[in-house]
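# Report on the structure
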Amino acid sequence: MMRFVALSASVLALAPANTSAQASVFIGGAATFPVGSLTSEGGFAGANTGWQGTIGAQFAVGQSGLTLGPRVYYGSNQHAREGNKSDLLGGAALLNYGFRDPMTLNPFLWAEVGVLSHAFTSASDPNTEATSTSGVVAGGVGLGIPLGGIGAFVAAGYNSGLGGDFDTNFFGLYVGLSIGLGDN
């Protein structure tokens, strides 16, 4: 149940609606940079730069530039110790505010609240393998780029796991595409 909540909540976080549509879907990818104790050596730590894939939807809230929707993501980080890795699966409710007409270059802010599952695996010491699920908050800035009937986006943000057994904090640099699903 927690994974379903995480997945359905996460779909909305990153992509601005770069068309005049009331709703849009988006797909993107990111380079992730772990911070805090996730990067220190030993045990579950020592994570290196990783990747993340994301997909979601956004729905306009009035005419103000505000959108809301779900976002889901999956990513992985190898660790300094050979054979160790962290897999991250999450879902969140995404809130996005664009400052300009989405048919122009549109700077935006985004924030999300959701659930994150962090699975640590070790080829060298399977006894240390574990999974922790916790809440997650995230936020950042981005730029929507209109490309005719679709849009592109670039964004940067910080994700912070709330509790659980692991310190799961990272910066992400995202790129992706959004496609409008209808007219105003």
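Residues numbered from 1 in each chain as written. Predicted model: local features only at pLDDT ≥ 70, side-chain atom pairs only at ≥ 80, totals over all residues. Heavy atoms only, no water.

## Observations concerning the overall build of the protein
Selection rule: Secondary structure counts use DSSP, requiring at least four H or I residues in a row for a helix and at least two E residues in a row for a strand, with both numbered from the N terminus. Accessibility here uses a 1.4 Å probe with only protein chains present; expressed as a share of the type maximum, an area under 20% marks a residue as buried, one over 50% as exposed, and anything in between as partly exposed. In what follows, residue pairs with any heavy atoms lying within 4.5 Å of each other are defined as contacts. The Shrake-Rupley method, run with a 1.4 Å probe sphere, supplies the accessible areas, and residue values consider only the shown protein chains as cover.
Counting secondary structure elements, the protein contains one helix and eight strands. Start at the N end of the protein and walk to the C end: the helices and strands fall as α-β-β-β-β-β-β-β-β. Classification of the 184 residues of the protein by burial places 45% in the buried group. Counting contacts in the protein only where the partners sit at least 6 residues apart, residues at least 24 apart contribute 65% of the total. Carbon and sulfur atoms provide 67% of the accessible area of the protein, an area that totals close to 8100 Å².

## So, the nonpolar core
A general tendency of soluble globular proteins is for nonpolar side chains to be buried together. Basically, it comes down to this: What makes a nonpolar core is a set of buried Ala, Val, Leu, Ile, Met, Phe, Trp, Tyr and Cys residues whose side-chain atoms join them at distances within 4.5 Å.
Phe108, Trp110, Leu116, Phe153, Ala155 and Tyr174 are the most contacted members of the largest nonpolar core, which has 14 residues in total. Tallying contributions element by element places strand β5 (residues 106-122) first for this core, with three residues.

## Some words on the pattern of salt bridges
What counts is decided by this rule: Salt bridge, as used here: a side-chain nitrogen of Lys or Arg that lies within 4 Å of a carboxyl oxygen of Asp or Glu.
Per the counting criterion, the structure on display carries two salt bridges. When the shortest N-O distance is used, the salt bridge between arginine 71 and glutamate 112 registers 2.9 Å. With arginine 71 in strand β3 (residues 66-78) and glutamate 112 in strand β5, the pair connects residues that are 41 residues apart, well separated along the chain. In terms of burial, arginine 71 and glutamate 112 fall into one category: buried. Two residues, lysine 85 and aspartate 87, come together in a salt bridge whose shortest N-O distance is 3.7 Å. Judged by relative accessible area, lysine 85 falls into the partly exposed class, the value being 28%. You can call aspartate 87 buried: its relative accessible area is 14%.

## Looking at a nonpolar patch on the surface
The condition is simple: Exposure above 30% relative accessible area and the absence of a salt bridge qualify a residue for a patch, where like charges join within 9 Å and nonpolar side chains (Val, Leu, Ile, Met, Phe, Trp, Tyr) within 5 Å.
Together, Val25, Ile27, Ile55, Leu147, Ile150, Leu177, Ile179 and Leu181 make up an exposed nonpolar region whose accessible area comes to about 670 Å². In this structure, isoleucine 55 sits in strand β2 (residues 50-61).

## Some words on the packing of aromatic side chains
The geometry of an aromatic ring pair comes down to the distance between the two centres and the angle between the two planes. The test is simple: Classification of ring pairs uses Phe, Tyr and Trp, with its six-membered ring standing for Trp, and accepts pairs whose centres are within 6.5 Å; under 30 degrees between planes counts as stacked, over 60 as edge-to-face, and the remaining range as tilted.
Summed over all chains, the structure comprises five aromatic pairs. With a centroid separation of 5.1 Å and 90° between ring planes, the pair formed by tyrosine 97 and phenylalanine 99 is classed as edge-to-face. On the basis of relative accessible area, tyrosine 97 is assigned to the partly exposed category, the value being 33%. Taking the centre distance of 6.2 Å and the plane angle of 85° together, the rings of tryptophan 110 and tyrosine 174 count as edge-to-face. Here tyrosine 174 lies in strand β8 (residues 169-180) and tryptophan 110 lies in strand β5, a separation of 64 residues in the sequence.

## Let's talk about the sheet that holds β2
Filter applied, for reference: Strand pairing is defined by DSSP finding a minimum of two bridges between the two strands. Axis definition: a line fitted to C-alpha atoms, over the contacting stretch in the case of helices. Angles run 0 to 180 degrees between N-to-C directions.
Taking strand neighbours around the barrel as the criterion, the eight strands line up as β1-β2-β3-β4-β5-β6-β7-β8 in a closed arrangement whose pairing is antiparallel. Averaged over neighbouring strand pairs, the angle between their axes works out to 25° when direction is ignored. As paired strands, β2 and β3 are joined by nine bridges and run antiparallel to one another. Counted as the bridge partner of tryptophan 51 is serine 76 from β3.

## Considerations on the pairing of strand β6 (residues 130-147)
In this structure, β5 lies alongside β6, joined through 15 bridges in antiparallel fashion. Within β6, the position partnered with phenylalanine 120 by the bridge is alanine 130. Sheet analysis places β6 next to strand β7 (residues 150-162), joined by 13 bridges and oriented antiparallel. Bridge assignment links isoleucine 145 to a residue of β7, and that residue is alanine 152.

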